[in-house]
Amino acid sequence: MKTIQVVAAIIKKDGKILATQRGYGDLEGGWEFPGGKVEPNETPEEALVREIEEELRTRIEVESYLTTAEHDYEKFHLSMRCYVCSLVEDHMVLTEHHAARWLDGETIDSVAWLPADIQVVEAIKAANLV
Ligand SMILES: Nc1nc2c([nH]c(=O)n2[C@H]2C[C@H](O)[C@@H](COP(=O)(O)OP(=O)(O)OP(=O)(O)O)O2)c(=O)[nH]1
């Protein structure tokens, strides 16, 4: 099975993390962490900054590596490196997602996370990020 390499941003602010709802494709409607595929000649951190600029029209600082989610979807294997990030600019415009929510420890399980993201949510809780 083909493996796709993805990076995702756990953007934190005031004890909350940002979740975004996928706006298109097979997994439309599921909740995820913003990010996307790493292009050739790009570091994961560079890919993340670029993807967030494209998807949220904002700038982040990549602070630390958290975990890598591995998940077998029907058509591909996903390997998703997740980084804890903070916002450099406070504004945000959703260019691809249906919605965004700031979730805390009480609300983090209230959205329908994509299958690969459930293990990331557990890592977020274990690291006391929410
Ligand atoms: N960005 C992101 N993708 C995720 C997460 N969880 C998860 O299963 N995915 C999947 C959805 C997609 O199949 C793939 C992400 O790649 P992408 O965001 O570039 O997907 P895409 O369909 O927009 O690809 P493309 O149009 O740019 O080719 O990983 C997540 O938390 N964040």
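Residues numbered from 1 in each chain as written. Predicted model: local features only at pLDDT ≥ 70, side-chain atom pairs only at ≥ 80, totals over all residues. Heavy atoms only, no water.

1. Some thoughts on the overall build of the chain
- What the chain contains, in helices and strands, is two helices and seven strands.
- Taken from N to C terminus, the helices and strands of the chain fall in the order β-β-β-β-α-β-β-β-α.
- Taken over C-alpha atoms, the radius of gyration comes to 14 Å for the chain, in line with the 14 Å a tight globule of 130 residues would show.
- Projected onto its principal axes, the C-alpha positions of the chain cover 40 × 30 × 25 Å.
- Across the 130 residues of the chain, 42% fall into the buried class.
- Pairs at least 24 apart in sequence give 68% of the contacts found in the chain among residues at least 6 apart.
- Here the chain carries 13 positive and 25 negative side-chain charges, and the mean point of each set is 2 Å from the other. (Helix = DSSP H or I, 4+ residues; strand = E, 2+ residues; numbered from the N terminus. Rg over C-alpha atoms; globule rule 2.2 N^0.38 Å. Buried < 20%, exposed > 50% of the residue type's maximum accessible area, 1.4 Å probe, protein only. Contact = heavy atoms within 4.5 Å. Lys, Arg positive; Asp, Glu negative; His and termini not counted. Charge placed at Lys NZ, Arg CZ, Asp CG, Glu CD.)

2. Side note on the site of the ligand
- What surrounds the ligand is a group of 17 residues, the closest being Tyr 24, Phe 33, Lys 37, Tyr 73 and Asp 117.
- Here Glu 32 contributes a side-chain N or O atom positioned 3.4 Å from a nitrogen atom of the ligand.
- Between the ligand and Tyr 73 there is a distance of 2.5 Å, counted from an oxygen atom to a side-chain nitrogen or oxygen.
- Within the complex, 76% of the 620 Å² of free accessible area of the ligand lies under protein. (Near = heavy atom within 4 Å. Polar contact = N/O pair within 3.5 Å; in protein donor to acceptor, adjacent residues only side chain to side chain. Areas by Shrake-Rupley, 256 points an atom, 1.4 Å probe, with all protein chains shown as cover.)

3. Topic: helix α2 (residues 118–126)
- Along α2, the residues classified as buried are Val 120, Val 121 and Ile 124. What you see down the axis of α2 is that its buried residues fit within an arc of 100°, all on one side.
- Taken together, the buried residues of α2 touch β1 (3–13), β2 (16–21), β5 (60–72) and β6 (77–87).
- Once α2 ends, the next one or two residues include Asn 128, with phi positive near 55°. (Arc of directions from axis to C-beta.)

4. A closer look at the UniProt feature "domain: Nudix hydrolase" (unreviewed entry) in the chain
- The feature "domain: Nudix hydrolase" (unreviewed entry), as annotated in UniProt, sits at residues 1–128 in this numbering.
- Structurally, residues 1–128 is divided into 17% helix and 40% strand, and its ends, taken at the C-alpha atoms, are 34 Å apart. (UniProt positions renumbered as here; feature names shortened; annotations may be inferred.)

5. Re the packing of aromatic side chains
- Overall, the coordinates contain three aromatic pairs when judged by the stated rule.
- Aromatic side chains Tyr 65 and Tyr 83 sit 5.7 Å apart centroid to centroid with 75° between the ring planes, which places their arrangement in the edge-to-face category. In this pair, Tyr 65 sits in strand β5 while Tyr 83 sits in strand β6, placing the two residues 18 residues apart along the sequence.
- We classify Tyr 65 as partly exposed; its relative accessible area is 42%.
- Ring centres of Tyr 73 and Phe 76 lie 5.3 Å apart, and the angle between their planes is 45°; on these two criteria the pair is classed as tilted.
- The cationic tip of Arg 22 hangs over the ring face of Tyr 24; the distance from NZ or CZ to the ring centre is 5.5 Å. (Phe/Tyr/Trp six-rings, centres within 6.5 Å; stacked < 30°, edge-to-face > 60°. Lys NZ or Arg CZ within 6 Å of the ring centre and 35° of its normal.)

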